[in-house]
Amino acid sequence: MPSSVRYSDRAPTVDPDRTPALGTGRGPVGAPDAGRRGSRREDAPRGDGLYSAGPRSGGPRPDRGRRDAQQPGADGRSGGRRPAPAPRQAHGRPPPPDVETADTVPLRTVNAASAVDRTSVIPLETDRTLRIDTSVPGAPTAHPRNPNVRTVPRQGSNRLPPMREPTMPWEFHEPAPDENGRSAPRPRQPEAPSKPPAPQEPFWPVLTRLFLAVLIAFTGLGVVIPAIPPYVLDELGGSAFLVGVAFALSGFVALLVRPYAGQFAQRWGSRRVMFVGILVAVLCGALYAAPFGLAALFGARLVMGLAESAIFTAGSVRVVAVAPADRRGQLVGYYGLAMWGGWTLGPVLGTFLLGFGGYRLVWAAAVALPVFAAAVLLTMSADRPIGGAVSRRLVPAAVVVPGTAILLAAFGYSALTGFVVLHLDAKGITDGASIIGVFGVVYVSVRIVAGRLPDRVGPGIVAAFCGVGEATGLVILGTAQTWIQAAIGAAVLGAGFTLLYPALALLVIRRSKPAEQGAALGAYTSFWDLGLGVAGLIGGAIALVGYPYVFYFAAGCALLTMFAGVLSRGPKPE
């Protein structure tokens, strides 16, 4: 039975009543229509893209019989056939190897095994595949391991031809469709295994040295606090206003320099910036001892602002880089305790040294302690700076809401440290300074015990509850009539205030881009410095009306802090 193969753009079919001709779409040599190109089947719908490989065998087509009969033949008589044109390549491509075209040899004389022995599937293009009716005796059969590939047994043998990987464009075959009729995706080449990630640096050895260096450095910066007021008033003959100016200069400089210090820490490395800050602290201690009066003192305070901002901000960038993602809030809180511990131990040590050896001993300690901090810092491994990838934005958008919250929270701390003693004295309660000690003990204890709450619960939720706790403690302090009531208020204030800084700092870290984290942490701390300065001025004005109103006003600011923490809860920006 003659068989014909048809090529298709969509779903190729097999017509067993047509004679196959591979390669050019022409009928076999010797057939009545050997010189005519194949036409569209009459029974196929138009526009379906189905074309026959050759014309019908025997006689003219029904739709062209009249015209064919009128055409003169080669001998001049009517009804002859025009000579066959020169063979053309199918679709502009050369025929597959080992396949003879029907223009030269009839398909009946072509050995089927030699035609498809090497390439089991011969498409005209990458999206057209040769399909053969397997029900015809002697037709190719499915390969036992790959049903998409048709194989032809060799003549005289039942063995299947060896398979090889397709290397030519016409050796493409479509993958088998899935159960829904969709073509399965082509298998992709396996990707080369990526390099394993570099092991993360152990954080506890690094952070232990970092915390110790910060503690020693800030102890050296704070050792001069009890010596500056009597030095200005007694030794330099200044006034109380000049004492306030001396303390304000360092805070003003630190407020401006912190964002730059964060950027420098990311661009050059945290340890390098911290080391520069410690060297500046040594220069600050030397300027205290310089015999230039108020000019030397004011210069020392300006340099101290540079040293403080460089040390603390660069250290916070290193903490964020080293700490695991699920413990950043806790470790940032511990880092803050190291700084506050230095500010607490420094005045105590300064008071002792001032009474024991005078101003010269205090100035010597201000030089020696930063030197010890530098020695500890040198034992810490160096970090890898980001370099030019650091953003130039000084106040990223992610800092605005958390920074405003910590600015408002500073009113409560300022009210406690500046007015609680005067408030309790006005009510006849002695030993008001011990209330600050109660606050400090609770502050440190809660941060150590519950330091992981921002990481586990969420920084926004913790910030909101901390705002409520701070406001409650301030209201209790404002209404306190006994020392016990004031101590309870200070304890509640300390418990609520202690986790506010790490929770809001964690919000800044999560919501800022990696290239902006240095400047973001510096700007966040600058909001705290600005809050302390503004709170002192506003609190002093409110105290003219009454000391309790200072605490009530600070409680209202703490409630606004709660709302700022709620507003800060949101998706992390991309």
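None of the values given here were measured: they were computed from a predicted structure. (Residues numbered from 1 in each chain as written. Predicted model: local features only at pLDDT ≥ 70, side-chain atom pairs only at ≥ 80, totals over all residues. Heavy atoms only, no water.)

### Comments concerning the overall build of the chain
To be explicit about the condition: By definition, any uninterrupted DSSP run of H or I lasting at least four residues is a helix, any uninterrupted run of E lasting at least two residues is a strand, and each is numbered from the N terminus. For each residue, the accessible area found with a 1.4 Å probe, counting protein chains only, is set against the maximum for its type, and the residue is called buried under 20%, exposed over 50%, and partly exposed in between. Contacts: residue pairs with any heavy atoms within 4.5 Å of one another. Here, Shrake-Rupley sampling with a 1.4 Å probe gives the accessible areas, and only protein chains in the shown set may cover a residue.
Along its length, the chain carries 17 helices and four strands. For the chain, buried positions account for 46% of its 574 residues. In the chain, of all internal contacts separated by at least 6 residues, the share reaching a separation of at least 24 is 75%. In the form shown here, the chain has an accessible surface area of approximately 28,700 Å², with 63% of it arising from carbon and sulfur atoms.

### Some remarks on the layout of surface pockets
We apply this condition: Each cavity reported here is a set of points on a 1 Å grid over the protein atoms alone in which a 1.4 Å probe fits but cannot get out, each pocket an open set with protein on both sides within 12 Å along at least five of seven lines, and each lining residue one with an atom within 4 Å of a point. Grid points are joined across faces, edges and corners, and a volume is the space filled by probe spheres set on the points. Gly falls in the polar group here, along with every residue not listed as nonpolar (Ala, Val, Leu, Ile, Met, Phe, Trp, Tyr, Cys, Pro) or charged (Asp, Glu, Lys, Arg).
Reported here for the largest pocket is a volume of approximately 1,700 Å³. Around the largest pocket, the lining is made up of 46 residues, and of these Ile225, Trp340, Trp343, Tyr413 and Leu532 lie nearest the centre. If you list the elements that add at least two residues to the lining of the largest pocket, you get helix 5 (240-268), helix 7 (293-322), helix 8 (328-357), helix 10 (400-426), helix 11 (433-449) and helix 16 (517-543). Residue composition of the lining of the largest pocket, by class: 28 nonpolar, 13 polar and five charged.

### A few points about the environment of tryptophan 363
Tracing the backbone shows tryptophan 363 in helix 9 (residues 359-378). We classify tryptophan 363 as buried; its relative accessible area is 6%. Taking the C-alpha atoms as reference points, tryptophan 363 and leucine 353, ten residues apart in sequence, are found 9.6 Å from one another.

### Here's the deal with the confidence of the model for the chain
Stated precisely, the cut-off is as follows: The pLDDT score gives, residue by residue, the confidence of the prediction method on a 0 to 100 scale.
Residues of the chain with pLDDT of at least 70 account for 63%, and the chain-wide mean is 74. Mean pLDDT values over the elements of the chain span from 42, in helix 2 (residues 112-116), up to 94, in helix 9. Under a pLDDT of 50 for its full length, residues 1-80 has, in the predicted model, 162 contacts with residues more than four places off or in other chains. Note on residues 97-133: pLDDT under 50 across the span, and 100 contacts to partners over four residues away in sequence or across chains.

### Considering the packing of aromatic side chains
Filter applied, for reference: Each Phe, Tyr or Trp ring, with Trp reduced to its six-membered ring, pairs with another whose centre is within 6.5 Å; inter-plane angles below 30 degrees give stacked pairs, above 60 give edge-to-face pairs, and intermediate values give tilted ones.
The tally for this structure, following the rule as stated, stands at 22 aromatic pairs. On the basis of an interplanar angle of 15° and a centroid distance of 5.1 Å, the ring pair of tyrosine 288 and tryptophan 363 is categorised as stacked. Taken together, the residues tyrosine 288 in helix 6 (residues 270-288) and tryptophan 363 in helix 9 connect sequence positions 75 residues apart. Ring centres of phenylalanine 411 and phenylalanine 553 lie 5.7 Å apart, and the angle between their planes is 70°; this geometry places the pair in the edge-to-face category. Of this pair, phenylalanine 411 sits in helix 10 while phenylalanine 553 sits in helix 17 (residues 547-567), placing them 142 residues apart in sequence. With a relative accessible area of 35%, phenylalanine 553 lands in the partly exposed category. Taken together, the aromatic side chains of Trp340, Tyr413, Phe439, Tyr443, Phe497 and Trp528 make up a single cluster linked through ring pairs.

### Focus: helix 15 (residues 500-511)
Keep this limit in mind: Helices are assigned an expected span. That span is 1.5 Å times one less than the residue count.
When the terminal C-alpha atoms of helix 15 are compared, their 17 Å separation across twelve residues agrees well with the 16 Å that a helix rising 1.5 Å per residue should span. When you tally the buried positions in helix 15, you get ten out of twelve residues, the bulk of the element.

### Notes on the environment of valine 322
Looking at where valine 322 falls in the secondary structure, it is placed in helix 7. Each C-alpha atom of the pair valine 322 and tryptophan 204 lies 8.9 Å from the other, and the pair is 118 residues apart in sequence.

### Overview of the pattern of salt bridges
Charged atoms that come close allow side chains of opposite charge to pair. Put simply, the rule is: When a carboxyl oxygen of Asp or Glu lies within 4 Å of a side-chain nitrogen of Lys or Arg, that pair is called a salt bridge.
Taken as a whole, this structure holds four salt bridges when the rule is applied. Ionic pairing is found between glutamate 516 and arginine 393, a salt bridge with its closest N-O pair at 3.9 Å. In this pair, glutamate 516 sits in the loop between helix 15 and helix 16 while arginine 393 sits in the loop between helix 9 and helix 10, placing the two residues 123 residues apart along the sequence. With a relative accessible area of 10%, glutamate 516 lands in the buried category. Residue arginine 393 is classed as partly exposed on the basis of its relative accessible area, which comes to 46%. Counted as one network, the salt bridges with shared partners bring together Arg258, Glu308 and Asp529.

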